[in-house]
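# Chain and residue survey
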Amino acid sequence: MSDHEPVWSDENTEWYVANYGEHFSNALTILHAGFTKDDHLLDIGCGSGPACREAAKIIINGSIIGIDPTPAMIRFANEQTNNSSIQFIEGSAENIPLDDHSVTICSAINSLHHWTDFHRGLQEVKRVLKKNGRLIISDEIVDGGTCGHGDVLLSDPEKVVNELKKAGFGNVSLEIYEEDGEGIYLFRAEKS
């Protein structure tokens, strides 16, 4: 039994996958994330797995795990992925089902605003990252220069940077990448 409630039903998960499953931000983030062939990646809020599949083109000697709190998302990810080096597991940012110091890089693409407790989630990320491990967060740039959805603390990119620093991450940076008139905020941070 899991210790989290799935955010979405099977019906709205299917709608999301059909409309946003291959969102431009996945490929754009992977392109600029700086993965290496030997990385061990955890993708938090993997949805139907497009970022994991894109990352597998680069990470050929390491491992890739995607987690999502919605069982239907994990089912879609497994159905749409034909790559034995990618594993999908039910889990949340606040309760990552991995061992301490087990990954070299964590990504969260358009998922930070879905975390129920981002403070706890950031501590979990630090727990599973190896020393000098990297966190990559990206969010779509939306109206008014905000990121994520709704009027929440983490819709302001500068506040995201500040929260990463407060959580004890080092080398925190914010970059903007655009393609075909759409863009992402890409946050980088490192566990010291």
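The structure we're discussing is the one just above.
Sequence order sets the numbering: in each chain, residues are counted from 1 along the sequence as written. Local features in this predicted model are restricted to residues of pLDDT 70 or higher, and side-chain atom pairs are both shown and tallied only at a pLDDT of 80 or more, whereas totals for entire chains, interfaces and linings draw on every residue. Side-chain calculation: all heavy atoms of the structure are included, whereas hydrogens and water are not.

This part covers the overall build of the protein. Secondary structure summary: the protein contains six helices and eight strands in total. When the elements of the protein are put in sequence order from the N terminus, they spell out α-α-β-α-β-α-β-β-α-β-β-α-β-β. Taken across its 192 residues, the protein has 48% of its residues classed as buried. In this analysis, two residues are considered to be in contact whenever any of their non-hydrogen atoms come within 4.5 Å of each other. In the protein, of all internal contacts separated by at least 6 residues, the share reaching a separation of at least 24 is 65%. Helix and strand definitions follow DSSP, with helices as H or I runs of at least four residues and strands as E runs of at least two, each counted in order from the N terminus. Note on exposure labels: buried denotes an accessible area under 20% of the residue type's maximum, exposed denotes more than 50%, and partly exposed covers the range between, all computed with a 1.4 Å probe on protein chains only.

Turning to helix α5 (residues 118-128), a few remarks are in order. Within the span of α5, buried status applies to F118, G121, L122, E124, V125 and V128. An end-on view of α5 places all buried positions within 160° of arc, on one side of the element. The inward-facing, buried residues of α5 abut β1 (40-44), β4 (103-109), β5 (129-142) and α6 (157-166). Here α5 starts with a cap whose side-chain oxygen sits 3.2 Å from the backbone nitrogen of H119, and that cap is D117. Within this analysis, the arc is defined by the directions that extend from the helix axis to the C-beta atoms. Residues adjacent in sequence count toward polar contacts only when both atoms are side-chain atoms; beyond that, a polar contact is any pair of N or O atoms within 3.5 Å, and within protein one must be able to donate a hydrogen and the other to accept it.

The criterion for an aromatic pair is that two Phe, Tyr or Trp rings (for Trp, the six-membered ring) have centres within 6.5 Å, with stacked assigned to planes under 30 degrees apart, edge-to-face to planes over 60 apart and tilted to the rest. Considering all chains together, one arrives at one aromatic pair under this definition. Ring geometry for Y185 and F187: centres 6.4 Å apart, planes at 35°, overall tilted. Take Y185: its relative accessible area is 8%, and that puts it in the buried class. For R75, the ring lying beneath its charged end belongs to F76, and the centroid distance is 5.9 Å. Only when the NZ atom of a Lys or the CZ atom of an Arg is both within 6 Å of the ring centre and within 35 degrees of the ring normal do we say a charge sits over the ring.

Our focus in this paragraph is helix α2 (residues 24-32). Regarding α2, the residues found buried are F24, S25, N26, L28, T29 and I30. Next to the buried residues of α2 lie α3 (50-55), β4, β5, β7 (170-179) and β8 (182-190). Directly after α2, the chain includes G34, whose backbone phi takes a positive value near 80°.

All quantities given are derived from atomic positions and should not be read as evidence of function.
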